[in-house]
Number of protein chains: 2
Amino acid sequence: MRNFDENSITEAVLQRFADCPDPRVKEISGALVRHLHDFVREIQPTEEEWAYAIDFLTRAGQKCDDKRQEFILMSDVLGVSMLIDAINHPPMEAVTESTVFGPFHVNNPPKFELGDNLAGAMQGDPMYVEGTISSPGGARLAGAEVDIWHSDGIGNYDVQQLDKLGGFGGRGVMKTDAEGRFRFWTIRPVYYPVPTDGPVGELLRAQGRHPFRPAHLHFMLSAPGHERLVTHIFAEGDKYIDSDAVFGVKDSLIRTYVLKPAGTAPDGRKMDKPYYYVDYDFVLRPLAASRQASSARNRTDAASASISYIPK
Amino acid sequence: MRNFDENSITEAVLQRFADCPDPRVKEISGALVRHLHDFVREIQPTEEEWAYAIDFLTRAGQKCDDKRQEFILMSDVLGVSMLIDAINHPPMEAVTESTVFGPFHVNNPPKFELGDNLAGAMQGDPMYVEGTISSPGGARLAGAEVDIWHSDGIGNYDVQQLDKLGGFGGRGVMKTDAEGRFRFWTIRPVYYPVPTDGPVGELLRAQGRHPFRPAHLHFMLSAPGHERLVTHIFAEGDKYIDSDAVFGVKDSLIRTYVLKPAGTAPDGRKMDKPYYYVDYDFVLRPLAASRQASSARNRTDAASASISYIPK
């Protein structure tokens with residue numbers, strides 16, 4: 001095999017996968033080479049452009065650490081994350097929709113009791129959040145794990161300002177009570193730009209796009225017998241609700257963050273200033289109805305595998 | 001724009017490029033998103049597979065430094081580098097063919113005089129290399145720059161063993177004489193594996209492929225009025241001449257590395273043991289016939305831009 005031209009090179013590469021021991025690796029490798037070569041043939045890159053792409057990917061990798069994941073961010077702004085989400089969690093009657101995971105989740109977040117304040121040293125307007133977690137039939141899920149993370153009142157996550165905050169804030173995990181309820185105090189999140197100080201920021205500027213996401217609370221919800229749900233509660237009326245930089249907004253996930261006057265909050269706390277309030281009743285998809293349970297492609301441990309990016 | 005499904009997400013992302021200020025960035029971004037989404041729709045990745053891809057790209061970026069370029073290597077083993085090469089340097093009558101650049105070039109290599117020995121502390125069989133550089137009409141190119149790099153006698157490049165060698169070896173740059181001739185002593189290169197201690201090695205193992213490249217000398221040749229030529233002289237009869245891991249072999253670039261008996265070498269040196277000999281007469285493409293000169297797509301500085309990956 002020698003002397004490949006602009007077209008014959010593709011078949012030559014595909015032939016190298018003839019002895020690939022894993023059929024799924026062979027399938028993915030073949031599709032990758034076909035689509036990647038088609039892309040290159042279409043755009044006919046100069047060598048200077050190719051070198052720029054190599055450098056761009058290199059800088060993206062080197063921007064990553066245990067608090068920053070530039071490739072997840074790239075996947076998000078190119079719509080790939082929401083495409084993966086759509087493939088793995090197609091809509092199902094009476095089940096809460098999922099959305100993008102994002103780059104700011106942290107494994108082993110701080111634990112809280114129901115009703116605690118997650119804000120830590122975060123600054124912004126106080127907000128009370130409550131709701132329930134159920135199965136599609138209506139059965140409440142007691143002891144379900146509720147993992148929450150979100151920005152502060154000027155649009156920064158805790159992991160972007162750990163030194164200033166002295167630790168996590170606007171982040172934590174708790175368990176639902178016997179009636180499947182959760183509740184907590186925190187800071188009202190606002191719209192914010194995805195991090196633009198790396199290659200993805202460079203990409204957004206080159207493409208003439210704004211980097212903003214409408215205000216949202218991240219939730220990751222887990223209960224035995226149900227598919228883990230990764231989703232948001234978006235704020236109705238947000239300036240960027242129709243132009244989310246990562247394409248994550250779904251109508252069913254939008255709620256009004258209601259401004260309440262000073263007085264007695266739903267948990268009995270006396271508030272001497274106004275605060276925000278939002279509630280959401282989540283419904284989890286039974287594992288039997290999940291792609292993870294039904295797809296022959298998935299490895300047997302896929303249902304329990306973490307989707308979190310685990311830094312080395 | 002909300003509520004995207006597995007198909008509508010693609011058009012939603014493309015619409016974000018509406019205000020892209022650079023037509024070429026818009027063209028590349030659009031093609032990238034279409035082909036990338038088609039690839040994802042075809043393979044229907046699980047979230048576990050997507051997380052693996054994110055981690056793979058991250059580790060590739062973090063493997064890179066000023067002596068190692070894992071993304072160039074990835075481009076090479078997926079046939080993308082040779083595709084880029086075919087696009088930018090289509091065959092032209094009487095002009096020497098190009099091939100892959102590879103990950104081992106170093107900017108500002110050591111300078112040598114004609115006839116010098118480039119080997120440094122490299123180990124292996126001695127080899128004498130000579131040849132000429134011309135224009136297609138036959139005119140010899142005096143003062144042309146000849147940049148050479150290659151492996152040692154057991155298949156390692158100098159940059160893979162700088163501590164051991166105490167500096168560069170099998171690497172250097174020189175200028176042709178008034179008759180367009182070059183000549184140097186060095187070590188005969190042998191076949192070798194591309195670096196397999198990073199993500200690309202993991203990929204090759206998963207795909208059931210060997211990592212070897214047939215023995216070759218790298219050349220990068222530059223002369224005023226001509227397109228820079230990046231090419232190899234491959235060794236006839238090499239075990240891997242028909243299965244180069246990076247698809248770089250062309251018949252016109254193969255020469256016999258001739259084993260000569262001890263005695264007087266072509267430059268008059270007395271050799272007390274056998275040595276190898278190879279010669280090659282290179283012909284450079286006039287700039288007027290290069291894609292760089294003819295393509296309206298190229299920026300005006302493209303002809304003089306370096307294709308070397310320049311570490312930060």
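Keep in mind it's a predicted model, so treat the numbers as computed, not measured. (Residues numbered from 1 in each chain as written. Chains lettered and ligands numbered in written order. Predicted model: local features only at pLDDT ≥ 70, side-chain atom pairs only at ≥ 80, totals over all residues.)

## Quick look at the overall build of chain A
Alright, step 1. When helices and strands are counted, chain A shows eight helices and 13 strands.
Alright, step 2. The principal-axis extents of the C-alpha atoms in chain A amount to approximately 80 × 40 × 35 Å.
Alright, step 3. Residue pairs at least 24 apart in sequence account for 70% of intrachain contacts in chain A once pairs closer than 6 positions are excluded. (Helix = DSSP H or I, 4+ residues; strand = E, 2+ residues; numbered from the N terminus. Contact = placed C-beta atoms within 7 Å.)

## A short note on the pairing of strand 8 (residues 229-235) of chain A
Consecutive residues of a regular strand have side chains that alternate between opposite faces of the sheet.
Residue and element names in this part refer to chain A.
Alright, step 1. Burial analysis of strand 8 places seven of its seven residues in the buried class, which makes it a mostly covered element.
Alright, step 2. Neither face of strand 8 is left uncovered, since the one carrying Leu-229, Thr-231, Ile-233 and Ala-235 and the one carrying Val-230, His-232 and Phe-234 both have all their residues buried.
Alright, step 3. Summarising the sheet, strand 7 (residues 216-222) and strand 8 pair through six bridges and their orientation is antiparallel. Across the sheet, the residue bridging to Leu-221 is Leu-229, located in strand 8.
Alright, step 4. Counted along the chain from strand 7 to the antiparallel partner strand 8, the turn is six residues long, and its residue Gly-225 has a positive phi close to 80°. (Buried ≥ 20, exposed ≤ 12 C-beta atoms within 10 Å, placed from the backbone. Pairing = 2+ DSSP bridges.)

## Thoughts on the domain arrangement of chain A
Alright, step 1. Assigned domains within chain A: domain 1 (8-44) and domain 2 (70-304).
Alright, step 2. Here domain 1 of chain A and domain 2 of chain A have C-alpha centroids that lie 37 Å from each other. (Domains from an automatic or database assignment.)

## Re the packing of helix 3 (residues 47-63) of chain A against helix 4 (residues 70-77) of chain B
For any two helices packed against each other, one specifies the crossing angle of their axes together with the interaxial distance.
Alright, step 1. Running from N to C, helix 3 of chain A and helix 4 of chain B cross one another at 125°; their axes reach a closest spacing of 9 Å. Classified by the angle their axes make, helix 3 of chain A and helix 4 of chain B are oblique. Like other packed secondary-structure pairs, helix 3 of chain A and helix 4 of chain B cross with a definite hand, here right-handed. Within the contact between the two elements, helix 3 of chain A uses Ile54(A), Leu57(A) and Thr58(A) and helix 4 of chain B uses Phe71(B), Ile72(B) and Ser75(B).
Alright, step 2. A class-by-class count of the residues in the contact of helix 3 of chain A with helix 4 of chain B yields four nonpolar, two polar and no charged. (Axes fitted to C-alpha atoms, helices over the stretch in contact; angles between N-to-C directions. Parallel < 35°, antiparallel > 145°, perpendicular 65-115°, else oblique. Left-handed = near helix turned anticlockwise from the far one by under 90°. Nonpolar A, V, L, I, M, F, W, Y, C, P; charged D, E, K, R; others polar.)

## Some remarks on the sheet that holds strand 7 (residues 216-222) of chain B
Alright, step 1. Read across the open sheet, the five strands follow the order 3-2-7-8-9 (chain B); overall the sheet is mixed. If you trace the sheet from one side to the other, it starts and ends with strand 3 (171-175) and strand 9 (254-255) of chain B, each paired once.

## Description of the relation of the copies chain A and chain B
Alright, step 1. Structural alignment of chain A on chain B gives an RMSD of 0.0 Å, achieved by rotating through 180° and translating 0.0 Å along the axis. The two molecules are tied by a two-fold rotation axis, judged by turn and shift. Nearest to the rotation axis, the C-alpha of Gly61(A) is located 1.9 Å from it, this being the minimum over chain A.
Alright, step 2. When the interface residues of chain A are mapped onto chain B, 100% of them again fall at the interface, so both copies present the same face. (Least-squares fit on C-alpha atoms with pLDDT ≥ 70 in both.)

## Looking at helix 1 (residues 8-15) of chain A
Because each turn of an α-helix spans 3.6 residues, side chains separated by three or four positions end up pointing in the same direction.
Alright, step 1. Three or more residues of helix 1 of chain A are buried, namely Ile9(A), Thr10(A) and Val13(A). Each buried residue of helix 1 of chain A lies within a common arc of 105° when the element is viewed along its axis, so the set occupies one face.
Alright, step 2. Tucked inside the fold, the buried residues of helix 1 of chain A contact helix 2 (23-43) of chain A together with helix 5 (80-88) of chain B. (Arc of directions from axis to C-beta.)

## What about the interface of chain A and chain B?
Alright, step 1. In this assembly, 74 residues from chain A lie in contact with 74 residues from chain B.
Alright, step 2. Class assignment for the residues of the side of chain A that touches chain B results in 40 nonpolar, 17 polar and 17 charged.

## A closer look at the nonpolar core
Alright, step 1. Formed by 150 residues in total, the largest nonpolar core has its most connected members in Val77(A), Leu221(A), Val77(B) and Leu221(B).
Alright, step 2. Once residues lying within four places of it in the same chain are set aside, the contact partners of Val77(A) are Val194(A), Val200(A), Leu203(A), Leu204(A), Ala245(A) and Val246(A). (Core = buried A, V, L, I, M, F, W, Y, C linked by C-beta atoms within 7 Å.)

## Quick look at the packing of helix 3 of chain A against helix 3 (residues 47-63) of chain B
Alright, step 1. At a minimum axis distance of 7 Å, the contact between helix 3 of chain A and helix 3 of chain B shows a crossing angle of 100°. By the criterion of interaxial angle, the relationship of helix 3 of chain A to helix 3 of chain B is roughly perpendicular. Across the interface between the two elements, Leu57(A), Thr58(A), Ala60(A), Gly61(A) and Gln62(A) from helix 3 of chain A touch Leu57(B), Thr58(B), Ala60(B), Gly61(B) and Gln62(B) from helix 3 of chain B.
Alright, step 2. Its residues assigned to classes, the contact of helix 3 of chain A with helix 3 of chain B comprises four nonpolar, six polar and no charged.

## Thoughts on helix 5 (residues 80-88) of chain A
Alright, step 1. Most of helix 5 of chain A sits inside the fold, with eight of its nine residues counted as buried.
Alright, step 2. Listed in full, the buried residues belonging to helix 5 of chain A are Val80(A), Ser81(A), Met82(A), Leu83(A), Ile84(A), Asp85(A), Ala86(A) and Asn88(A).

## Here's the deal with the environment of Pro103(B)
All names here are of chain B.
Alright, step 1. Mapped onto the elements of the fold, Pro-103 is located in the loop between helix 5 and strand 1 (126-134).
Alright, step 2. Remark: the alpha-carbon pair of Pro-103 and Glu-70, spanning 33 residues in sequence, is separated by 7.6 Å.
Alright, step 3. In contact with Pro-103, not counting residues within four places along its chain, are Arg-68, Gln-69, Ile-72 and Leu-73.

## Structural notes on unusual backbone geometry
Residue and element names in this part refer to chain A.
Alright, step 1. Although it is not a glycine, Asn-3 adopts a positive phi angle of roughly 60°.
Alright, step 2. Secondary-structure assignment places Asn-3 in the segment before helix 1.
Alright, step 3. You can call Asn-3 partly exposed: it has 13 C-beta atoms within 10 Å.
Alright, step 4. Of note in this structure, Ala-94 is not a glycine but carries a positive phi near 70°.
Alright, step 5. On the secondary structure map, Ala-94 appears in the loop between helix 5 and strand 1 (126-134).
Alright, step 6. Taking the number of C-beta atoms within 10 Å as the measure of exposure, Ala-94 has 11 and is therefore exposed.

## Digging into the sheet that holds strand 10 (residues 258-260) of chain A
All names here are of chain A.
Alright, step 1. Read across the open sheet, the four strands follow the order 4-1-13-10; overall the sheet is mixed. Of all the strands in the sheet, just strand 4 (181-187) and strand 10 have a single pairing partner and so form its edges. Direction aside, the axes of adjacent strands within the sheet are offset by 25° on average.
Alright, step 2. One ladder, built from seven bridges, connects strand 1 with strand 4; its direction is antiparallel. Across the sheet, the residue bridging to Thr-132 is Arg-181, located in strand 4.

## Thoughts on the confidence of the model for chain A
All names here are of chain A.
Alright, step 1. In this model, chain A carries an average pLDDT of 92, and 93% of its residues clear a pLDDT of 70 or more.
Alright, step 2. Every residue in residues 296-312 is under pLDDT 50, and counting partners more than four places away or in other chains gives 24 contacts.
Alright, step 3. In the predicted complex, the global pTM is 0.90; the interface-specific ipTM is 0.90. (pLDDT = per-residue confidence, 0-100.)

## Regarding the environment of Glu202(A)
Residue and element names in this part refer to chain A.
Alright, step 1. As for its position among the elements, Glu-202 is in helix 7 (residues 199-206).
Alright, step 2. Of the residues examined, Glu-202 has 14 C-beta atoms within 10 Å and is grouped as partly exposed.
Alright, step 3. A sequence separation of 146 residues divides Glu-202 from Phe-56, and the C-alpha atoms of the two residues are 9.3 Å apart.

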